[in-house]
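Summary of the model geometry
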Amino acid sequence: MIPYFYEIMLVISFLLTVVYVMMWKKHFDINITAIFIMTPIANFGYLVNNYVQDEYDLMTAMKIVYMGGVFLTFFITMCVINLCKLKIKKWMTNVLFSICAILYCAVQTIGYTGWFYKDVKVKMTEAGPLVVKQYGPLHSFFYFVIVLFFVIGFTTIIYSFIKRRQVSRSILYLLFIPETIAFVGFFGNRLIKSDMEIMPVAYVFAQIMYLFIIQRMTLYNVNDTVIETMVQTGETGFISVDFKHHFLGANGTAKRIIPELGELAVDQKIDNVPVLEKSLCHWIRHFEEDNSNVRNLYAKRDEENPDNDQMYIVNTNYLFDGNRKYGYQVFLTDDTKNQKYIALLDKYNYELEEEVDAKTQHIIEMHDNLIMSMATMVESRDNSTGGHIKRTSEGVRILIEEMKKDEAWDLSEEFCKDIIKAAPMHDLGKVAVDDAILRKPGRFTPEEFEIMKSHAAEGAKIVHEILKETDDESFKKVAENVAHYHHERMDGSGYPEGLKGDEIPLEARIMAIADVYDALVSKRVYKEKMSFEEADKIMMESMGKHFDKRLEPFYVKARPKLEEYYSTIE
């Protein structure tokens, strides 16, 4: 046997455990920590076993050795399952651990009962102490449990190789090595029946492999790596609060962003601090009300120099310890550059929209002025209708104002604007009527009147051509209908289509009232203007025949304003 073999293995396993402690991070698997704690203890048992002088020393050594033999295989198996990211029921873990605990309790009976060892003796020989053991029934069960754990471990690794693509292949290879070493160490010594135990060597090699595993595991644990990086760079602030809003802690970055955090004592309620009640409590309440509402924006103002204002993205989530929720974690990330860029972009877009709106409005005004100029030009050719387009436009506006007061009609603001804007275009078709007829200083003959009536259909064509490039489809439709159908009558006796009732568009029915009223109360070359009373009598008698009876209430309400308007232009 190699001199001081067991002493060397104990020292190495202890030093490897020290290395692990220096590398330890809180997210390391607890089973790996247990492995590094148990291994020096088991190797110490082998060292004691090497120097036994009597049965009492042997029993003590065996109890220490079996602590590793019983529990290390459990921790190694659970480590494999966790690193392969497989989930097993908690009761199954409890059952496996309970079996190990029961077995170790049986180990404690060595020398008192025959459950684990029926008999154990130490015989002193010239070569040293000779241990003679006679195994009991629970020792056979111990072998079964060890084999069971190895089968579970190997099966898990092989399954992960085939099915679990999210598990690092490097870690799987590294897991396979200590599993194999432990298997060979445990059963190999019993097959070759050597005086020197090889399990201490197997344990040391397993520790070395697990150091490589945790080094790789740290890199693959993306969440912890990112958080660790954020902490080290100091760009992100962290604040922890329990469910009762007691302050648990914060890093230096968070205290720099919100100085009041530095004055808090651990376990102090944040609700009673005014500054935190408006910020930290506000963010947590939002998260409590709606777990999807995890983002907020926090502005740290510099009153002396606004250019130094800082903007932070606030993310709120649960604070976890393993799978259990313990409170809330608030992250503050500096987003000043992005927010300033967004503000600059918003300002630019706002100014651009204003400029576009101004130019669009200018184009609309030019378009409206062009339409009005054309209408005025047409009107200037007609001796009988001087000022007609202006007066009828005002008449339409007065009628629309009354109709808007009645919710039953449900007139949209867009429709009301469109018909008022379209009113001056209703007689554009007169541009196609010969001057001899249009400027005739008297009544038309039947033949002349037929020609005159063509202005309605011609007007619709002209309006269509003028507005065909516009994007405002609703105005285009209203303007064409006003020009085309304003001479239609409810009883079907109008022109050019002879439409009846609701076949006539509403905008044309409204235009008809304003158009006829103006013709009655205005002077024409072939007649004098009528008094308001005479005109009103004709208008009322025409309701249901010429005009839409449903518009009568609005005409009646509008009549005082119409009379007032026409009185001012006499």
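See the structure above.
The sections below set out a description of the structure shown in this document.

Each value, and the rule that gives it
Residues numbered from 1 in each chain as written. Predicted model: local features only at pLDDT ≥ 70, side-chain atom pairs only at ≥ 80, totals over all residues. Heavy atoms only, no water. Salt bridge = Lys/Arg side-chain N within 4 Å of Asp/Glu carboxyl O. Buried < 20%, exposed > 50% of the residue type's maximum accessible area, 1.4 Å probe, protein only. Phe/Tyr/Trp six-rings, centres within 6.5 Å; stacked < 30°, edge-to-face > 60°. Helix = DSSP H or I, 4+ residues; strand = E, 2+ residues; numbered from the N terminus. Contact = heavy atoms within 4.5 Å. Patch = residues over 30% accessible without salt bridge, like charges linked within 9 Å, V, L, I, M, F, W, Y side chains within 5 Å. Areas by Shrake-Rupley, 256 points an atom, 1.4 Å probe, with all protein chains shown as cover. Expected span 1.5 Å × (residues − 1). Arc of directions from axis to C-beta.

Under the defined criterion, the tally for this structure stands at 19 salt bridges. Here Arg-285 ties to Glu-277 by a salt bridge, and the two come within 3.1 Å at their closest N and O atoms. Asp-502 is paired through a salt bridge with Arg-509; the nearest N and O atoms lie 3.6 Å apart. Its relative accessible area of 53% is what places Asp-502 among the exposed residues. By relative accessible area, which is 10% here, Arg-509 ends up buried. Among the charged side chains, a salt-bridge network with shared partners connects Asp-502, Arg-509, Asp-548 and Arg-550.

Attention shifts here to the packing of aromatic side chains. Summed over the entire model, instances satisfying the criterion amount to 27 aromatic pairs. Considering the side-chain rings of Phe-74 and Phe-97, the 5.4 Å spacing of their centres and the 65° angle between planes classify their relative orientation as edge-to-face. Placement of Phe-74 in helix H3 (residues 55-83) and of Phe-97 in helix H4 (residues 90-107) is noted, with a sequence separation of 23 residues between them. Note on Phe-74: relative accessible area 4%, which makes it buried. Among the residues examined, Phe-97 registers a relative accessible area of 35% and is labelled partly exposed. Here the aromatic residues Phe-71, Phe-74, Phe-75, Phe-97, Tyr-104 and Phe-149 are joined through ring pairs into a cluster of three or more.

Let us now look at the environment of Ala-483. Inspection of the secondary structure assignment puts Ala-483 in helix H18 (residues 473-485). Separated by 24 residues in the primary sequence, Ala-483 and Gly-459 have C-alpha atoms spaced 5.5 Å apart. Apart from the residues within four sequence positions on either side, Ala-483 is in contact with Met-425, His-426, Ala-456, Gly-459, Ala-460 and Val-463.

A surface patch of nonpolar side chains, about 570 Å² in accessible area, is lined by Tyr-341, Ile-342, Leu-345, Tyr-348, Leu-352 and Val-356. Looking at the element boundaries, Tyr-348 is found in helix H12 (residues 336-380).

This part takes up unusual backbone geometry. In this chain, Tyr-495 is followed by Pro-496 through a cis amide linkage whose omega measures 10°. Here Pro-496 lies in the loop between H18 and helix H19 (506-521). The residue His-245 is not glycine, and still its phi comes out positive at about 65°. Looking at where His-245 falls in the secondary structure, it is placed in the loop between strand E3 (236-242) and strand E4 (247-250). The phi angle at Asp-410 is positive, at roughly 50°, despite the residue not being glycine. One can find Asp-410 in the loop between helix H13 (388-404) and helix H14 (413-422). A residue is classified by how much of its surface remains accessible, and Asp-410, at 65% relative accessible area, is exposed.

Right, let's talk about the environment of Tyr-517 for a bit. In this fold, Tyr-517 is placed in helix H19. What makes Tyr-517 buried here is its relative accessible area of 2%. When the C-alpha positions of Tyr-517 and Arg-391 are compared, they lie 9.9 Å apart, and in sequence the two are 126 residues distant.

This part is about helix H1 (residues 5-23). The terminal C-alpha atoms of H1 lie 27 Å apart, and with 19 residues this matches the ideal 27 Å at 1.5 Å per residue to within 8%. Listing the buried residues of H1 in full gives Phe-5, Tyr-6, Met-9, Leu-10, Ser-13, Leu-16, Thr-17 and Tyr-20. For H1, the buried positions fall inside an angular range of 130° around the axis, keeping them on one side. Those residues of H1 that are exposed and angled more than 90 degrees off the buried face are Phe-14, Val-21 and Met-22.

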